[in-house]
Amino acid sequence: MNSILDPALLDPALQALRTQLEAAAAAFAGDSAHLGALLRAMIEDVQRATAEPVEVFPVKHHSPASALHMLRRLRARAPKVIYMEGCEDLNASLAGLHHCRFPVALQAFAPEAPAFPADWTPLNVVLPLTEFSAEYQAIAYCLQNPGTKLVFVDRSVDHVFQWMPKGGPPPGEDSGEAEDGGEEPATEEAAGEGEGEGASTGNTGNLHGGAVGLQIGDMQPTFGDFLDVLLRNAKVRHYSEWWTQYVEGPTLACDYGTYRQVFFLIGSLLRRIGITEKDRVADCERERYMWTRIREHMKAHKIDPREAMYVCGAIHAVSPIPEFGSKGAAWTVPAKTNTQWFYGVVPSSYAAIERQFTLPAGEISIAQSMWDKGLQALELKPFKIEAEKKAEGEGKPTVRKKAAPAATAPVAPVEVPAAVSGGGCASS
């Protein structure tokens, strides 16, 4: 039986792409054997992801191109269920997104955790959301349209800490460790900037404190030599500049099929030579978890794979693991500890996101600008997370008869902290 990766079975577009890449390998390398093998493997990665019955939607965090294609895709034809990279228990925080002004962050918090090292507590995880991200557009759509179910499928926040090395500094400290993020900027000046509508002013760079930061669709290279060569040849100073010039801009208005192929190819390139072996192994663990949860949910709810979408980082979209896909190998999800977790929503800012994930100051504002221009050029109306409608009569003042003043001593007013009164999320 022929493999779906057999070159003879490639669709014409992928076959043409393979021919072009092999020609490029021959032109740029004296001995093109190794480079040609790499490029052929990348095409096979694209073919595997494209052939999967569950529609794999590759994204990059805070990418306006990803958000625009998600918006257009959902307006054209919505799936029955959207499986999303994101800690599965953070689903509990989504109800708190109503009445919030973005950006905000989903939060999981554990004040006590006997199963983990004592110097780790309290445990704190945040997942920032901006309106110009594919995940926000998908969440907003599902909250407005109950016919499409949203399910986070990544490892739980408990597993985030279970899978962290027990040596070294506590996770999330200002020493720079941030899940999926890397080190923080060395200076407050670099972290405290952030302009544009929606960006908080003032010193907001440390809003997330010592929380471990998570992002949906992280695609930051972690292999230094690869990054040096990439930036030097592209004549840019930072990976985000390369991404904006060579990926973000060109894919904003392309067709959906081209968008997927480009993101699959870049995910494959980074996965194969752009990240360290340690990160590659960690990615595989998360991908086993996500595909296992996807298959479990489809089986439990009798979901046809062709009616499902899987939103994940492009690196995860081209995973070579045996567990990949709706017919992948079985895997057993490890048990959680007995840690009690609390969930909610906390304020965020562009500066806080940039600080936590080592992004250049102003990058999030640039992404928002590209998003706004893309919406205008394509004449699209984005999905919004609307405030919940109040029941008839709810919120109206109750008219009561004025009671006679009681002859008691005056009571001093009690100041309610913002964290208790709900001040963490600004009303929209």
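Refer to the structure printed above.
Anyway, here's the lowdown on the structure attached to this text.

Definitions and cut-offs
Residues numbered from 1 in each chain as written. Predicted model: local features only at pLDDT ≥ 70, side-chain atom pairs only at ≥ 80, totals over all residues. Heavy atoms only, no water. Helix = DSSP H or I, 4+ residues; strand = E, 2+ residues; numbered from the N terminus. Salt bridge = Lys/Arg side-chain N within 4 Å of Asp/Glu carboxyl O. Buried < 20%, exposed > 50% of the residue type's maximum accessible area, 1.4 Å probe, protein only. Axes fitted to C-alpha atoms, helices over the stretch in contact; angles between N-to-C directions. Parallel < 35°, antiparallel > 145°, perpendicular 65-115°, else oblique. Left-handed = near helix turned anticlockwise from the far one by under 90°. Contact = heavy atoms within 4.5 Å. Nonpolar A, V, L, I, M, F, W, Y, C, P; charged D, E, K, R; others polar.

### Thoughts on unusual backbone geometry
1) Next: Look at the link from F102 to P103: it is a cis peptide, with omega at 10°.
2) Next: Among the secondary structure elements, P103 is positioned in the loop between β2 (81-87) and β3 (104-110).
3) Next: With an omega dihedral of -5°, the bond running from T121 to P122 counts as a cis peptide bond.
4) Next: Along the chain, the position of P122 falls in the loop between β3 and β4 (123-129).
5) Next: A positive phi angle, close to 75°, is found at H99, a residue other than glycine.
6) Next: Relative to the assigned elements, H99 resides in the loop between β2 and β3.

### Some details on the pattern of salt bridges
1) Next: The final tally for this structure, using the stated rule, is 16 salt bridges.
2) Next: Its salt-bridge partner being E285, residue R288 comes within 2.9 Å of it at the nearest N-O pair. Highlighted residues: R288 and E285, both in helix α10 (residues 277-301), separated by three residues, approximately one helical turn.
3) Next: Using a relative accessible area of 19% as the deciding quantity, one classes R288 as buried.
4) Next: Between R288 and E323 there is a salt bridge, and its shortest N-O distance comes to 3.2 Å. With R288 in helix α10 and E323 in the loop between α11 (314-317) and β8 (342-347), this pair connects stretches of sequence that are 35 residues apart.
5) Next: Under the relative-accessibility criterion, E323 is labelled buried at 8%.
6) Next: Taken together, the salt bridges that share partners define one network made up of E85, D154, R155 and R286.

### Some details on the packing of helix α3 (residues 64-76) against helix α9 (residues 256-274)
1) Next: Close contact between α3 and α9 brings their axes to 11 Å; oriented N to C, the two are set at 140°. By the angle between their directions, the pair α3 and α9 is classed as oblique. The two elements α3 and α9 meet at a crossing, and its hand is left-handed. In this structure, α3 contributes A65, S66, H69 and R73 to the contact, and α9 contributes Y256, Y259 and F263.
2) Next: Residues that form the contact of α3 with α9 fall into these classes: four nonpolar, two polar and one charged.

Functional significance is not addressed by these values, which are geometric in nature.
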